[in-house]
2 protein chains.
Amino acid sequence: MRSKEKVRRLVYEILSVLKEGKHEGPQGARVIAKELQKRGFHIGDRAVRYHLKHLDERGLTKKRGSLKGRIITEKGEEEVRNDLVGERVGFIVGKIYELIYKMNYDLESGKGKIVANLSLLNSEKIEESLKIMKEIMKKGYAPSPLVKISNEGESVGKTKVPEGKVGIATVCSVTIDGLLIGEGIPVTPRFGGLLEIEKGKPNRFVDAIAYQGSSLDPLEVFASKKMTSYLNVLEKGSGRILANLRDIPASARAEAIEIIDRAKGNDLNGVLDIGAPAEALFGLPVEVNRVGIVVVGGINPAIAVEERGIEIETKPLEEILDISEMRHIQEFV
Amino acid sequence: MRSKEKVRRLVYEILSVLKEGKHEGPQGARVIAKELQKRGFHIGDRAVRYHLKHLDERGLTKKRGSLKGRIITEKGEEEVRNDLVGERVGFIVGKIYELIYKMNYDLESGKGKIVANLSLLNSEKIEESLKIMKEIMKKGYAPSPLVKISNEGESVGKTKVPEGKVGIATVCSVTIDGLLIGEGIPVTPRFGGLLEIEKGKPNRFVDAIAYQGSSLDPLEVFASKKMTSYLNVLEKGSGRILANLRDIPASARAEAIEIIDRAKGNDLNGVLDIGAPAEALFGLPVEVNRVGIVVVGGINPAIAVEERGIEIETKPLEEILDISEMRHIQEFV
């Protein structure tokens, strides 16, 4: 590494430490130095203090009142988001694994934490939106019919619902990956894609982006390019929805099928197909000794609402929620 | 392959043959069977005729008048575009190589064919658009200041400019790759990304998508998500433009630098940096024994026009043009 790259990297790591620990209040140079050492940077307290001073000057960190230590500013968080794109190419995969690691859902008892997407919309649109979501869920184009609805001021995971808004949390498709990993099956996210539905049946992927090579969430790309057509799917049985492909070792196929079957009984589903070893699924390739699994996108219900012209802001892979907080959408609409 | 996948593949290949040969008029079963054999499908005339009959019924192929053989319909072309996404993941790379193979530009004489992007816009907006394009080109954020302007009814490569429109062809950044490949240096397209410019200097990639894992053109994704900010770059010296990273064998570095230097003298440029072996460029990783080269996106001038609120339709990687048809933009504005 050139020396300039080295300093940039160190600054990035300092900001990352502050960002990750921001809920615990200001952090001092000693704590930061210790955390950096865990990550492989051998640097003392004094050097950290030197960098913090520069970060203060750049408005990326600041002191809070008379407390010792620093907190990260909004500008600092933006800097972390933008820096080191090389790490963020594949960033989505890192984020998926991080969330899965925080899950503790137990198939036996049906209790524990799952990964959720969060949508925020104007509260007067809630009923209309839930009706559309329910239709998508009924067709099996969402991984679960469970939702959590939160009113303004209430908290959903780490988010507080803003004034005039309502929050709808839905089950994210990586929850299925989490169930498999929880049983010891290594899962690798491969592609996010646009899946064509023909006469009520999934036909083929018409576009796809690899999770590993992208700093953007592939499904979010297709959604924001307005390439989906849920209303056609609902009205005519044919159209385009979001789905993704992951793969597992071929030898884990039978166990995976069993887990997926058990999950269905707990309202966790959305699996469209499980391939044979190295078999392409809906046109997407699967490597030798691997078995592909296609699951519908967790944001399908929310993007369908958007397609109906309702303003809705959707954050995929956003929260870790206890499934006991969620209810079947039929209880609401 | 499951038998259903096999038939789908064969049908796709028949349609591909018809699509590629459509400018030569209807093609008969015998010609198609021969072409399929070249591609590794051992199938006779009779079997091809059987499939053509079904394709006719589905509206994907048709006869033309009393002529023997079939032509592909618009619906058939759409089918080819949508089918086999597995092949189209990395499709952009295939298309790039195909275009480069058709180049024959000679650095010595400054003559021959290069790869161009094509933009179409309303003819009354031509002057305003050219002014913006010129500014972007002057700053060095396009691979060349050369353009070809075509009026309605005129042909640019394979495109005829529609009524009321004007066409502006600009040099595509893969022309630089073509120059290197022409001299025997194997080039691999890696990432298309969003490059942050700070105070007039390229600073870092803030987002990127790998060419190999995508069925969409990465630069087109960032452009359509309106993530660029050319007007800030022009007015304040800081903003975000499109650029891409390719790599070459480390041992070819010195020769590549020489070729790139010679190309500059011929108004072909846009290279922002050439790395050391395995050195990350603007935050994007480069593999061991490879050297990265970052080139500005050829569609930058056109997307800047779009950002100024002018309706413009831009097709990247669209045409093969003789450079003698192109003029320096200063001759027009």
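All of these numbers come straight from a predicted model, not from anything done at the bench.

A. Just the domain arrangement of chain A, in detail. When cut into domains, chain A gives domain 1 (3-83), domain 2 (113-173 + 313-331) and domain 3 (174-296). On a C-alpha basis, the centres of domain 1 of chain A and domain 3 of chain A stand 39 Å from each other.

B. Layout of the environment of B:Pro285. All names here are of chain B. Note on placement: Pro285 falls in the loop between strand S11 (271-274) and strand S12 (290-296). Pro285 gets classed as partly exposed once you look at its relative accessible area, which sits at 43%. Sequence separation of Pro285 and Ala142 is 143 residues, and the distance between their C-alpha atoms is 23 Å.

C. Quick look at the nonpolar core. With 176 residues, the main nonpolar core has A:Leu242 and B:Leu242 as its most contacted residues. Beyond its immediate sequence surroundings of up to four residues, A:Leu242 is in contact with A:Gly193, A:Leu194, A:Leu219, A:Phe222, A:Ala223, A:Thr228, A:Tyr230, A:Val296, A:Gly297, A:Ile299, A:Asn300 and A:Ile303.

D. Up close: the UniProt feature "domain: Ribonuclease R winged-helix" (unreviewed entry) in chain A. The positions UniProt marks with the feature "domain: Ribonuclease R winged-helix" (unreviewed entry) are residues 13-79 of chain A. Within the segment residues 13-79 of chain A, helix and strand shares are 55% and 6% respectively, and the terminal C-alpha atoms sit 11 Å apart.

E. Layout of the pattern of salt bridges. Applying the stated criterion to the full structure yields 32 salt bridges over all chains. Linking A:Glu196 and A:Arg204 is a salt bridge whose minimum nitrogen-to-oxygen distance equals 2.9 Å. Assigned by exposure class, A:Glu196 and A:Arg204 land together as buried. Here B:Lys131 ties to B:Glu127 by a salt bridge, and the two come within 3.8 Å at their closest N and O atoms. Taken together, the positions of B:Lys131 and B:Glu127, both in helix H7 (residues 126-138) and four residues apart, correspond to about one turn of that helix. A residue is classified by how much of its surface remains accessible, and B:Lys131, at 48% relative accessible area, is partly exposed. Exposure remark for B:Glu127: the relative accessible area of 49% places this residue in the partly exposed category. Through salt bridges that share partners, A:Arg58, A:Glu79, B:Glu196, B:Arg204 and B:Arg240 make up one connected network.

F. Quick look at the relation of the copies chain B and chain A. Least-squares fitting of chain B to chain A yields an RMSD of 0.3 Å, with the transformation described by 0.0 Å of translation along the axis and a rotation of 180°. Look at the turn and shift together and you get a two-fold axis relating the two. Of every C-alpha in chain B, the one belonging to B:Gly213 sits nearest the axis of rotation, 3.2 Å from it.

G. Spatial organisation of the sheet that holds strand S13 (residues 312-322) of chain B. Residue and element names in this part refer to chain B. The five strands are arranged S13-S3-S7-S4-S14 in an open sheet whose pairing can be described as antiparallel. With partners counted over all chains shown, the strands left at the sheet margins are S13 and strand S14 (327-328), one partner each. Across four bridges, strand S4 (residues 146-150) lies against strand S7 (residues 165-171) in antiparallel orientation. Paired with Ile149 across the strands is Ile168, a residue of S7. Against the sheet, H7 makes contact with strand S3 (113-122), S4, S7 and S13, and its axis sits at roughly 10° relative to S7, the strand it touches most.

H. The arrangement of the environment of B:Leu242 in detail. Tracing the chain through its elements places B:Leu242 in strand S10 (residues 239-249). A C-alpha to C-alpha distance of 9.7 Å links B:Leu242 and B:Ser229, two positions 13 residues apart in sequence.

I. A look at the interface of chain B and chain A. With 37 residues of chain B at the contact, the number on the chain A side is 37 residues. Counting each side, the surface lost to burial between chain B and chain A is near 2,900 Å², with a carbon and sulfur contribution of 43%. Of all residues in chain B, the largest losses of buried area upon contact with chain A belong to B:Arg204, B:Leu216 and B:Lys225, amounting jointly to 18% of the total for that side. One can count four salt bridges joining chain B with chain A. The partner of B:Arg204 in a salt bridge is A:Glu79, and the shortest N-O contact between them spans 3.2 Å. Our count for the chain B to chain A interface comes out at twelve residue pairs in polar contact (both at pLDDT 80 or more).

J. Inspection of the packing of aromatic side chains at higher detail. Residues and elements named next belong to chain B. Per the counting criterion, the structure on display carries two aromatic pairs over all chains. A centroid spacing of 6.4 Å and a plane angle of 65° characterise the contact between Phe205 and Phe282, whose relative ring orientation is edge-to-face. Of this pair, Phe205 sits in strand S9 (residues 201-210) while Phe282 sits in the loop between S11 and S12, placing them 77 residues apart in sequence. For the pair shown, Phe205 and Phe282 are each scored as buried.

K. Expanded view of the side chain of A:Glu279. Mapped onto the elements of the fold, A:Glu279 is located in the loop between strand S11 (271-274) and strand S12 (290-296). Here A:Ala276 takes part through its backbone nitrogen, which lies 2.8 Å from a polar atom of the side chain of A:Glu279.

The rules behind these values
- Residues numbered from 1 in each chain as written.
- Chains lettered and ligands numbered in written order.
- Predicted model: local features only at pLDDT ≥ 70, side-chain atom pairs only at ≥ 80, totals over all residues.
- Heavy atoms only, no water.
- Domains from an automatic or database assignment.
- Helix = DSSP H or I, 4+ residues; strand = E, 2+ residues; numbered from the N terminus.
- Buried < 20%, exposed > 50% of the residue type's maximum accessible area, 1.4 Å probe, protein only.
- Core = buried A, V, L, I, M, F, W, Y, C linked by side-chain atoms within 4.5 Å.
- Contact = heavy atoms within 4.5 Å.
- UniProt positions renumbered as here; feature names shortened; annotations may be inferred.
- Salt bridge = Lys/Arg side-chain N within 4 Å of Asp/Glu carboxyl O.
- Least-squares fit on C-alpha atoms with pLDDT ≥ 70 in both.
- Pairing = 2+ DSSP bridges.
- Axes fitted to C-alpha atoms, helices over the stretch in contact; angles between N-to-C directions.
- Buried area = accessible area lost by both parts, 1.4 Å probe.
- Polar contact = N/O pair within 3.5 Å; in protein donor to acceptor, adjacent residues only side chain to side chain.
- Phe/Tyr/Trp six-rings, centres within 6.5 Å; stacked < 30°, edge-to-face > 60°.

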